[in-house]
Amino acid sequence: MTRFEICIDSVEGALAAERAGADRVELCSALFDGGLTPSIGTIEVTLRSVSRIGVHVIVRPRAGDFIYSPLEIDAMVRDVQAAVTVGAHGIVIGALTPEGDVDVPTTRRLIEAADGASITFHRAFDMVRQPFEALEQLIELGVDRVLTSGQEDSALAGAPLLADLVRKADGRIVIMPAGGINERNVARVVAATGADEFHFAALVTSDGPAIHRNPVPRMGGVLSRSEYQRSETSQERIGRIIGTVRP
């Protein structure tokens, strides 16, 4: 059976994904930055609020590359332990060396900190220099799945490599395509890759509830949206995308 994981950044997003029939969520903060570690409060309330859906928590301390300092790694270990302690069903991680290989010692340390929780290696995989070598390393480490766009900007563009990875994995690890999957292309991505699990976000933009508004201050950097605009996970969009594949 085809399974779907939804990338979310809120408790409401998890509930929307559950109602729409998704199998799992990847719980993040800061989706604008590609997803960072959510707060422990968000993790706890999400786990308390859902009834069926799996909740996997990303542990990524900052935006940018996936080459981490010893202090960043220490913080990631604590974040993994904290998420698992409050009941996270899985952990999403990724760490690389400056040469573009899997950082095996760091990955092993994070897996050990997860204490048996399901492990996904995230799209840091799309930055490795030798994807098939990296795949074998992750299998040896005991990683459960790899989130990847096939080292392209989208899963559709990366479908040839994704299909090769699925064949190479041969059931030893899950290859989960991600990147630009939507209502228009999900059926093609499924057919072209031969994968069984897929990852996507289903965001819509809405106006916030503020009545009084000061349009002058900006709380973020140059690339920022209005402080009164919200990005929310759409139950309707999730349902449409899943419904394209599942009758």
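In the block above lies the structure referred to throughout.
Residues numbered from 1 in each chain as written. Predicted model: local features only at pLDDT ≥ 70, side-chain atom pairs only at ≥ 80, totals over all residues. Heavy atoms only, no water.

(A) Quick peek at the sheet that holds strand S1 (residues 3-8). In spatial order, the strands read S7-S6-S5-S4-S3-S2-S1-S8; together these eight strands make up an open sheet with parallel pairing. Strands with a single pairing partner mark the edges of an open sheet, and in this sheet they are strand S7 (174-177) and strand S8 (197-200). Across this sheet, the average inter-strand angle for adjacent strands is 25 degrees, counted without regard to direction. As paired elements, strand S4 (residues 90-93) and strand S5 (residues 118-121) share four bridges and run parallel to each other. Its bridge partner being in S5, Ile 91 is matched across the sheet by Ile 119. (Pairing = 2+ DSSP bridges. Helix = DSSP H or I, 4+ residues; strand = E, 2+ residues; numbered from the N terminus. Axes fitted to C-alpha atoms, helices over the stretch in contact; angles between N-to-C directions.)

(B) Inspection of the pattern of salt bridges at higher detail. This structure, assessed with the given rule, holds 16 salt bridges. Here Arg 24 makes a salt bridge to Glu 5, at a shortest N to O gap of 2.6 Å. Of this pair, Arg 24 sits in strand S2 (residues 24-27) while Glu 5 sits in strand S1, and the two are 19 residues apart along the sequence. Across this residue pair, the class does not change: Arg 24 and Glu 5 are buried. Its salt-bridge partner being Glu 72, residue Arg 62 comes within 2.5 Å of it at the nearest N-O pair. Of this pair, Arg 62 sits in the loop between strand S3 (54-58) and helix H3 (70-85) while Glu 72 sits in helix H3, and the two are ten residues apart along the sequence. One continuous salt-bridge network, built from bridges that share partners, spans Arg 3, Glu 5, Arg 24, Arg 145 and Glu 197. (Salt bridge = Lys/Arg side-chain N within 4 Å of Asp/Glu carboxyl O. Buried < 20%, exposed > 50% of the residue type's maximum accessible area, 1.4 Å probe, protein only.)

(C) Broad picture of the environment of Gln 235. For Gln 235, the location among the structural elements is in helix H8 (residues 235-245). Spatially, the C-alpha atoms of Gln 235 and Glu 112 are 35 Å apart, while their sequence positions differ by 123 residues. In contact with Gln 235, other than residues within four places in its own chain, are Ala 16, Arg 19 and Ala 20. Side-chain polar atoms of Gln 235 contact the side chain of Arg 19, separated by 2.7 Å. (Contact = heavy atoms within 4.5 Å. Polar contact = N/O pair within 3.5 Å; in protein donor to acceptor, adjacent residues only side chain to side chain.)

(D) Molecular detail of the side chain of Arg 24. The class for Arg 24 is buried, based on a relative accessible area of 5%. At a separation of 2.7 Å, a polar atom in the side chain of Arg 24 contacts the side chain of Glu 197. Filtering out sequence-adjacent residues up to four positions away, Arg 24 remains in contact with Arg 3, Phe 4, Glu 5, Ile 6, Ile 53, Gly 54, His 56, Arg 145, Met 176 and Glu 197.

(E) Up close: the nonpolar core. The biggest cluster of nonpolar side chains holds 65 residues, and the ones touching the most others in it are Ile 91, Leu 135, Leu 138, Ile 173 and Phe 200. Other than its neighbours up to four places away in sequence, Leu 135 contacts Phe 125, Val 146, Leu 165, Lys 168, Ala 169, Ile 173 and Ile 175. Of all hydrophobic cores here, the second largest spans five residues; its members include Cys 7, Cys 28, Ile 58 and Val 92. (Core = buried A, V, L, I, M, F, W, Y, C linked by side-chain atoms within 4.5 Å.)

(F) Just the packing of aromatic side chains, in detail. On inspection of all chains with the given rule, the structure shows two aromatic pairs. Judged by centre distance (6.2 Å) and plane angle (35 degrees), the ring pair of Phe 4 and Phe 198 falls under tilted. Of the two residues, Phe 4 sits in strand S1 while Phe 198 sits in strand S8, which places them 194 residues apart along the sequence. With relative accessibility at 1%, the residue Phe 4 sits in the buried group. Residue classification places Phe 198 among the buried residues on the basis of a relative accessible area of 0%. On the numbers, 6.1 Å between centres and 70 degrees between planes, the contact of Phe 4 with Phe 200 is edge-to-face. You can see Phe 4 sitting in strand S1 and its partner Phe 200 sitting in strand S8, a full 196 residues away along the chain. An aromatic cluster is built from Phe 4, Phe 198 and Phe 200, whose rings are joined through pairwise contacts. (Phe/Tyr/Trp six-rings, centres within 6.5 Å; stacked < 30°, edge-to-face > 60°.)

(G) Focus on helix H2 (residues 40-49). Among the residues making up H2, those that are buried are Ile 43, Thr 46 and Leu 47. Burial along H2 is one-sided: seen end-on, the buried residues are contained in an arc of 95 degrees. Taken together, the buried residues of H2 touch helix H1 (11-20), S2, S3 and H3. (Arc of directions from axis to C-beta.)

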